[in-house]
Amino acid sequence: MTAQSPNLEYLPSDLNKELLPQHVAVIMDGNGRWAKRRGLPRIMGHKRGVDILKDLLRCCKDWGIKALTAYAFSTENWGRPQEEVEFLMTLFQRVLRQELREMLQENVRIGFVGNLQALPNALQAEISRSMEETKDNRGIDFNVATNYGGREEILQACREISKKVEQGLIKSHEIDEAIFEHHLYTNRNSDPDLIIRTSGEMRLSNFLLWQVAYSEIYFTDTLWPDFDRSEFKKALSAYQERDRRFGKV
Ligand SMILES: CC(C)=CCC/C(C)=C/CC/C(C)=C/COP(=O)(O)OP(=O)(O)O
Ligand SMILES: C=C(C)CCOP(=O)(O)OP(=O)(O)O
Ligand SMILES: [Mg+2]
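I will try to describe carefully the structure that is included in this document. (Residues numbered from 1 in each chain as written. Chains lettered and ligands numbered in written order. Predicted model: local features only at pLDDT ≥ 70, side-chain atom pairs only at ≥ 80, totals over all residues. Heavy atoms only, no water.)

Quick look at helix α5 (residues 150–166)
In a regular helix each residue adds 1.5 Å, so 17 residues correspond to 24 Å; α5 covers 24 Å between its end C-alpha atoms and thus fits that length. Within the sequence span of α5, burial applies to Gly 150, Glu 153, Gln 156, Ala 157 and Ile 161. All buried residues of α5 project into a common sector of 135° when viewed along the axis, lining one side. Opposite the packed face of α5, turned more than 90 degrees from it, sit the exposed residues Arg 151, Arg 159 and Glu 166. Each element contacted by the buried residues of α5 is listed here: β4 (140–148) and α6 (177–182). One or two positions beyond α5, positive phi appears at Gly 168, with a value near 80°. (Helix = DSSP H or I, 4+ residues; strand = E, 2+ residues; numbered from the N terminus. Expected span 1.5 Å × (residues − 1). Buried < 20%, exposed > 50% of the residue type's maximum accessible area, 1.4 Å probe, protein only. Arc of directions from axis to C-beta. Contact = heavy atoms within 4.5 Å.)

Remarks on the sheet that holds strand β6 (residues 216–219)
Here six strands make up an open sheet; going across it, the order is β3-β4-β2-β1-β5-β6 and the pairing parallel. Whereas interior strands pair on both sides, the edge strands pair on one side only; in this sheet they are β3 (108–113) and β6. Here the strands of the sheet are splayed against their neighbours by 20° on average, with no regard to which way each runs. Examined bridge by bridge, strand β1 (residues 23–27) and strand β2 (residues 67–74) share five bridges and lie parallel to one another. Residue pairing in the sheet places Val 24 in a bridge with Leu 68 of β2. (Pairing = 2+ DSSP bridges. Axes fitted to C-alpha atoms, helices over the stretch in contact; angles between N-to-C directions.)

Some words on helix α7 (residues 229–241)
Over its 13 residues, α7 runs 19 Å from end to end, which matches the ideal 18 Å to within 8%, given 1.5 Å per residue. Of all the positions in α7, only Glu 231, Phe 232, Ala 235, Leu 236, Tyr 239 and Gln 240 are classed as buried.

Quick look at the pattern of salt bridges
Between side chains of opposite charge, pairing is possible as soon as their charged atoms come close. By the definition in use, this model includes 23 salt bridges. Between Arg 245 and Asp 243 there is a salt bridge, with the nearest N and O atoms lying 3.0 Å from each other. In this structure Arg 245 comes out as partly exposed when scored by relative accessible area, which is 47%. When salt bridges that share partners are traced, they join Asp 29, Arg 33, Arg 197, Glu 201 and Arg 203 into one network. (Salt bridge = Lys/Arg side-chain N within 4 Å of Asp/Glu carboxyl O.)

Considerations on the packing of helix α2 (residues 42–63) against helix α3 (residues 82–105)
Relative to each other, α2 and α3 sit at 30°, their axes nearing to 11 Å. Taken together, the axes of α2 and α3 lie roughly parallel to each other. The chirality of how α2 crosses α3 is right-handed. Note on element contacts: α3 touches α2 through Glu 84, Phe 87, Leu 88, Leu 91, Arg 94, Val 95, Glu 99, Glu 102 and Met 103, opposite Arg 42, Ile 43, His 46, Lys 47, Val 50, Lys 54, Leu 57 and Arg 58. Residue composition of the contact of α2 with α3, grouped by class: eight nonpolar, one polar and eight charged. (Parallel < 35°, antiparallel > 145°, perpendicular 65-115°, else oblique. Left-handed = near helix turned anticlockwise from the far one by under 90°. Nonpolar A, V, L, I, M, F, W, Y, C, P; charged D, E, K, R; others polar.)

So, the site of ligand 2
As a matter of local geometry, ligand 2 sits amid Ile 27, Met 28, Asp 29, Tyr 71, Ala 72, Phe 73, Asn 77, Arg 80, Arg 197, Arg 203 and Ser 205. Arg 80 is positioned with one of its side-chain polar atoms (N or O) 3.2 Å from an oxygen atom of ligand 2. Arg 197 is positioned with one of its side-chain polar atoms (N or O) 3.4 Å from an oxygen atom of ligand 2. In this structure, ligand 2 is accommodated by the largest pocket. If you tally residues by element for the shell around ligand 2, the top one is β2, at three residues. Taken together, the residues of the shell around ligand 2 sort by class into five nonpolar, two polar and four charged. (Near = heavy atom within 4 Å. Polar contact = N/O pair within 3.5 Å; in protein donor to acceptor, adjacent residues only side chain to side chain. 1 Å grid on protein atoms, 1.4 Å probe; cavity = no way out; pocket = protein on both sides within 12 Å on 5 of 7 lines; lining within 4 Å. Sits in = over half its atoms within 2 Å of the grid points.)

Structure follows, in C-alpha coordinates:
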(Lines give C-alpha, C1' and ligand atoms only; values in the text may rest on other atoms or scores of the structure.)
(Ligands and ions follow the chains in the order given, each with its own letter.)
Protein backbone atom coordinates (compact mmCIF):
# COMPACT_ATOMS: atom_id res chain seq x y z
CA MET A 1 0.00 0.00 0.00
CA THR A 2 2.54 2.55 1.07
CA ALA A 3 5.23 3.72 -1.31
CA GLN A 4 7.90 3.17 1.35
CA SER A 5 7.14 -0.56 1.77
CA PRO A 6 10.13 -2.28 0.18
CA ASN A 7 8.66 -5.78 0.00
CA LEU A 8 5.13 -4.86 -0.94
CA GLU A 9 3.08 -7.98 -1.55
CA TYR A 10 0.59 -7.58 -4.41
CA LEU A 11 -2.91 -8.96 -4.29
CA PRO A 12 -2.98 -12.30 -6.16
CA SER A 13 -4.54 -11.76 -9.57
CA ASP A 14 -7.27 -14.34 -8.97
CA LEU A 15 -8.66 -12.37 -6.03
CA ASN A 16 -11.10 -9.55 -6.75
CA LYS A 17 -10.04 -6.30 -5.08
CA GLU A 18 -13.63 -5.05 -5.09
CA LEU A 19 -14.81 -8.07 -3.10
CA LEU A 20 -12.21 -8.07 -0.34
CA PRO A 21 -13.46 -8.06 3.25
CA GLN A 22 -12.89 -4.69 4.95
CA HIS A 23 -12.44 -6.31 8.34
CA VAL A 24 -11.04 -9.80 8.98
CA ALA A 25 -11.06 -11.45 12.43
CA VAL A 26 -9.08 -14.56 13.32
CA ILE A 27 -9.46 -17.19 16.05
CA MET A 28 -5.85 -18.35 16.15
CA ASP A 29 -6.46 -21.88 17.38
CA GLY A 30 -4.28 -24.99 17.28
CA ASN A 31 -0.96 -23.72 18.62
CA GLY A 32 -0.78 -26.35 21.35
CA ARG A 33 -1.58 -29.23 19.00
CA TRP A 34 0.94 -27.97 16.45
CA ALA A 35 3.67 -28.05 19.11
CA LYS A 36 2.56 -31.40 20.55
CA ARG A 37 2.75 -33.04 17.13
CA ARG A 38 6.38 -32.00 16.98
CA GLY A 39 7.17 -33.16 20.49
CA LEU A 40 7.58 -29.54 21.59
CA PRO A 41 6.13 -27.70 24.61
CA ARG A 42 2.83 -25.94 23.85
CA ILE A 43 4.42 -22.52 24.20
CA MET A 44 6.47 -23.14 21.07
CA GLY A 45 3.21 -23.18 19.14
CA HIS A 46 2.33 -19.75 20.54
CA LYS A 47 5.77 -18.43 19.59
CA ARG A 48 5.39 -19.63 16.04
CA GLY A 49 1.83 -18.22 16.10
CA VAL A 50 3.24 -14.73 16.57
CA ASP A 51 5.24 -15.01 13.32
CA ILE A 52 2.12 -16.14 11.47
CA LEU A 53 0.13 -13.22 12.88
CA LYS A 54 2.84 -10.73 11.91
CA ASP A 55 2.85 -12.01 8.36
CA LEU A 56 -0.93 -11.96 8.18
CA LEU A 57 -1.00 -8.33 9.34
CA ARG A 58 1.48 -7.34 6.65
CA CYS A 59 -0.46 -9.26 4.06
CA CYS A 60 -3.77 -7.63 5.05
CA LYS A 61 -2.19 -4.21 4.88
CA ASP A 62 -0.53 -4.81 1.52
CA TRP A 63 -3.73 -6.20 0.06
CA GLY A 64 -5.85 -3.27 1.21
CA ILE A 65 -7.83 -4.83 4.06
CA LYS A 66 -8.75 -2.09 6.54
CA ALA A 67 -8.89 -3.96 9.85
CA LEU A 68 -7.58 -7.18 11.38
CA THR A 69 -8.77 -8.41 14.78
CA ALA A 70 -6.94 -11.34 16.39
CA TYR A 71 -8.20 -13.39 19.34
CA ALA A 72 -5.13 -13.74 21.55
CA PHE A 73 -6.56 -14.60 24.99
CA SER A 74 -10.11 -15.33 26.07
CA THR A 75 -11.72 -14.71 29.45
CA GLU A 76 -11.77 -18.51 29.77
CA ASN A 77 -8.05 -18.93 29.00
CA TRP A 78 -7.17 -17.96 32.60
CA GLY A 79 -8.13 -21.55 33.40
CA ARG A 80 -5.00 -22.88 31.67
CA PRO A 81 -1.91 -24.00 33.60
CA GLN A 82 -0.32 -21.02 35.32
CA GLU A 83 2.95 -21.33 33.43
CA GLU A 84 1.19 -21.13 30.06
CA VAL A 85 -0.82 -18.08 31.15
CA GLU A 86 2.33 -16.39 32.42
CA PHE A 87 4.19 -17.23 29.24
CA LEU A 88 1.41 -15.71 27.11
CA MET A 89 1.27 -12.49 29.16
CA THR A 90 5.02 -12.07 28.88
CA LEU A 91 4.92 -12.92 25.18
CA PHE A 92 2.28 -10.25 24.47
CA GLN A 93 4.34 -7.69 26.34
CA ARG A 94 7.60 -8.61 24.61
CA VAL A 95 6.10 -8.71 21.13
CA LEU A 96 4.46 -5.32 21.61
CA ARG A 97 7.73 -3.78 22.72
CA GLN A 98 9.75 -5.37 19.93
CA GLU A 99 7.29 -4.65 17.13
CA LEU A 100 6.20 -1.13 18.03
CA ARG A 101 8.77 0.64 15.87
CA GLU A 102 7.87 -1.40 12.82
CA MET A 103 4.16 -0.93 13.39
CA LEU A 104 4.73 2.82 13.52
CA GLN A 105 6.67 2.69 10.26
CA GLU A 106 4.07 0.46 8.65
CA ASN A 107 1.27 2.89 9.55
CA VAL A 108 -0.52 0.36 11.79
CA ARG A 109 -2.99 1.65 14.39
CA ILE A 110 -2.95 -0.75 17.33
CA GLY A 111 -5.99 -1.37 19.49
CA PHE A 112 -6.82 -3.78 22.29
CA VAL A 113 -10.24 -5.16 23.04
CA GLY A 114 -11.14 -6.93 26.24
CA ASN A 115 -11.11 -6.33 29.98
CA LEU A 116 -7.64 -4.79 30.06
CA GLN A 117 -7.68 -3.76 33.75
CA ALA A 118 -7.30 -7.41 34.77
CA LEU A 119 -4.02 -7.81 32.84
CA PRO A 120 -0.61 -7.56 34.52
CA ASN A 121 0.43 -3.92 35.08
CA ALA A 122 3.54 -4.16 32.91
CA LEU A 123 1.45 -5.42 30.00
CA GLN A 124 -1.15 -2.71 30.55
CA ALA A 125 1.61 -0.10 30.35
CA GLU A 126 2.90 -1.55 27.07
CA ILE A 127 -0.65 -1.64 25.68
CA SER A 128 -1.28 2.02 26.57
CA ARG A 129 2.03 3.06 25.04
CA SER A 130 1.48 1.19 21.78
CA MET A 131 -2.06 2.53 21.40
CA GLU A 132 -1.01 6.08 22.16
CA GLU A 133 2.00 6.05 19.82
CA THR A 134 0.11 4.57 16.88
CA LYS A 135 -3.18 6.43 17.34
CA ASP A 136 -2.73 8.66 14.28
CA ASN A 137 -1.82 5.81 11.93
CA ARG A 138 -4.35 4.99 9.25
CA GLY A 139 -2.77 2.18 7.16
CA ILE A 140 -4.62 -0.62 8.93
CA ASP A 141 -6.35 -1.13 12.27
CA PHE A 142 -4.86 -4.04 14.17
CA ASN A 143 -6.95 -5.09 17.17
CA VAL A 144 -5.80 -7.65 19.67
CA ALA A 145 -8.52 -9.34 21.72
CA THR A 146 -6.88 -9.96 25.08
CA ASN A 147 -8.82 -11.08 28.14
CA TYR A 148 -11.73 -10.82 25.77
CA GLY A 149 -15.09 -12.52 26.17
CA GLY A 150 -18.13 -11.68 24.07
CA ARG A 151 -20.52 -12.19 26.98
CA GLU A 152 -18.40 -10.08 29.29
CA GLU A 153 -18.28 -7.34 26.64
CA ILE A 154 -22.07 -7.32 26.31
CA LEU A 155 -22.51 -7.25 30.10
CA GLN A 156 -20.13 -4.35 30.58
CA ALA A 157 -21.93 -2.43 27.82
CA CYS A 158 -25.23 -3.04 29.66
CA ARG A 159 -23.70 -1.78 32.90
CA GLU A 160 -22.32 1.38 31.25
CA ILE A 161 -25.63 2.13 29.53
CA SER A 162 -27.63 1.47 32.73
CA LYS A 163 -25.41 3.92 34.59
CA LYS A 164 -26.15 6.57 31.96
CA VAL A 165 -29.86 5.87 32.23
CA GLU A 166 -29.65 6.25 36.02
CA GLN A 167 -27.83 9.54 35.58
CA GLY A 168 -30.51 10.74 33.16
CA LEU A 169 -28.05 10.96 30.25
CA ILE A 170 -29.99 8.47 28.09
CA LYS A 171 -33.65 7.45 28.18
CA SER A 172 -34.24 3.71 28.09
CA HIS A 173 -36.44 3.95 24.98
CA GLU A 174 -33.55 5.64 23.15
CA ILE A 175 -31.26 2.60 23.46
CA ASP A 176 -30.74 1.31 19.92
CA GLU A 177 -28.07 -0.68 18.08
CA ALA A 178 -25.90 2.39 17.51
CA ILE A 179 -25.86 3.31 21.21
CA PHE A 180 -25.23 -0.28 22.20
CA GLU A 181 -22.35 -0.68 19.74
CA HIS A 182 -20.81 2.53 20.97
CA HIS A 183 -20.40 0.84 24.38
CA LEU A 184 -18.72 -2.28 23.01
CA TYR A 185 -14.92 -2.64 23.13
CA THR A 186 -14.92 -2.88 19.33
CA ASN A 187 -16.57 0.48 18.69
CA ARG A 188 -13.86 1.87 16.44
CA ASN A 189 -14.43 -0.63 13.61
CA SER A 190 -17.33 -1.95 11.62
CA ASP A 191 -18.35 -5.57 12.22
CA PRO A 192 -15.99 -8.20 10.79
CA ASP A 193 -16.93 -9.30 7.28
CA LEU A 194 -14.96 -12.52 7.62
CA ILE A 195 -14.14 -14.62 10.70
CA ILE A 196 -11.51 -17.33 10.27
CA ARG A 197 -11.07 -20.13 12.79
CA THR A 198 -8.19 -22.52 12.38
CA SER A 199 -7.60 -26.02 13.80
CA GLY A 200 -10.87 -27.71 12.81
CA GLU A 201 -12.96 -26.57 15.78
CA MET A 202 -16.31 -25.26 14.60
CA ARG A 203 -17.31 -22.88 17.32
CA LEU A 204 -16.86 -19.23 18.23
CA SER A 205 -15.59 -19.73 21.80
CA ASN A 206 -17.06 -16.45 23.07
CA PHE A 207 -15.54 -14.32 20.29
CA LEU A 208 -17.37 -11.19 19.04
CA LEU A 209 -20.82 -12.56 19.83
CA TRP A 210 -22.70 -9.36 18.99
CA GLN A 211 -20.54 -8.43 16.01
CA VAL A 212 -20.77 -11.72 14.07
CA ALA A 213 -24.50 -11.33 13.31
CA TYR A 214 -23.79 -11.16 9.56
CA SER A 215 -20.14 -12.15 9.33
CA GLU A 216 -19.08 -14.88 6.97
CA ILE A 217 -17.39 -17.69 8.91
CA TYR A 218 -14.55 -19.77 7.46
CA PHE A 219 -13.34 -22.89 9.26
CA THR A 220 -10.18 -24.69 8.27
CA ASP A 221 -8.45 -27.79 9.67
CA THR A 222 -5.09 -26.04 9.28
CA LEU A 223 -3.50 -25.28 12.65
CA TRP A 224 -2.73 -21.62 13.33
CA PRO A 225 1.09 -22.02 13.13
CA ASP A 226 0.60 -23.38 9.58
CA PHE A 227 -1.82 -20.67 8.48
CA ASP A 228 0.41 -18.96 5.93
CA ARG A 229 -0.43 -16.60 3.08
CA SER A 230 -1.56 -19.37 0.79
CA GLU A 231 -4.04 -20.49 3.47
CA PHE A 232 -5.23 -16.92 3.87
CA LYS A 233 -5.67 -16.66 0.14
CA LYS A 234 -7.87 -19.78 0.23
CA ALA A 235 -10.02 -18.16 2.94
CA LEU A 236 -10.39 -15.00 0.86
CA SER A 237 -11.29 -17.00 -2.26
CA ALA A 238 -13.98 -18.84 -0.28
CA TYR A 239 -15.25 -15.50 1.05
CA GLN A 240 -15.49 -14.11 -2.45
CA GLU A 241 -17.75 -17.02 -3.44
CA ARG A 242 -20.26 -16.25 -0.68
CA ASP A 243 -23.58 -14.58 -1.40
CA ARG A 244 -24.13 -12.07 1.40
CA ARG A 245 -27.84 -11.40 1.43
CA PHE A 246 -28.28 -9.79 4.86
CA GLY A 247 -31.77 -11.21 5.08
CA LYS A 248 -32.83 -9.86 1.71
CA VAL A 249 -33.46 -11.86 -1.45
C1 LIG B 1 1.26 -10.00 20.61
C2 LIG B 1 0.28 -10.99 20.13
C3 LIG B 1 -1.00 -10.48 19.70
C4 LIG B 1 0.60 -12.31 20.11
C5 LIG B 1 -0.30 -13.40 19.70
C6 LIG B 1 0.20 -14.72 20.27
C7 LIG B 1 -0.78 -15.83 19.99
C8 LIG B 1 -0.64 -16.52 18.70
C9 LIG B 1 -1.74 -16.10 20.92
C10 LIG B 1 -2.76 -17.15 20.80
C11 LIG B 1 -2.91 -17.89 22.11
C12 LIG B 1 -3.91 -18.99 22.10
C13 LIG B 1 -4.62 -19.24 23.36
C14 LIG B 1 -4.11 -19.75 20.98
C15 LIG B 1 -5.04 -20.89 20.88
O16 LIG B 1 -4.33 -22.10 20.61
P17 LIG B 1 -4.42 -23.27 21.68
O18 LIG B 1 -3.39 -23.02 22.74
O19 LIG B 1 -5.81 -23.35 22.18
O20 LIG B 1 -4.05 -24.55 20.85
P21 LIG B 1 -4.75 -25.98 21.01
O22 LIG B 1 -6.22 -25.78 20.75
O23 LIG B 1 -4.09 -26.83 19.97
O24 LIG B 1 -4.49 -26.45 22.40
C1 LIG C 1 -7.82 -18.52 20.19
C2 LIG C 1 -8.16 -18.13 21.38
C3 LIG C 1 -7.39 -17.10 22.02
C4 LIG C 1 -9.32 -18.60 22.15
C5 LIG C 1 -10.12 -19.71 21.53
O6 LIG C 1 -9.42 -20.90 21.55
P7 LIG C 1 -9.59 -21.96 22.75
O8 LIG C 1 -8.67 -23.07 22.45
O9 LIG C 1 -9.43 -21.27 24.05
O10 LIG C 1 -11.11 -22.37 22.59
P11 LIG C 1 -11.84 -23.76 22.97
O12 LIG C 1 -11.34 -24.82 22.03
O13 LIG C 1 -11.51 -24.07 24.40
O14 LIG C 1 -13.30 -23.47 22.75
MG1 LIG D 1 -7.43 -24.30 21.44
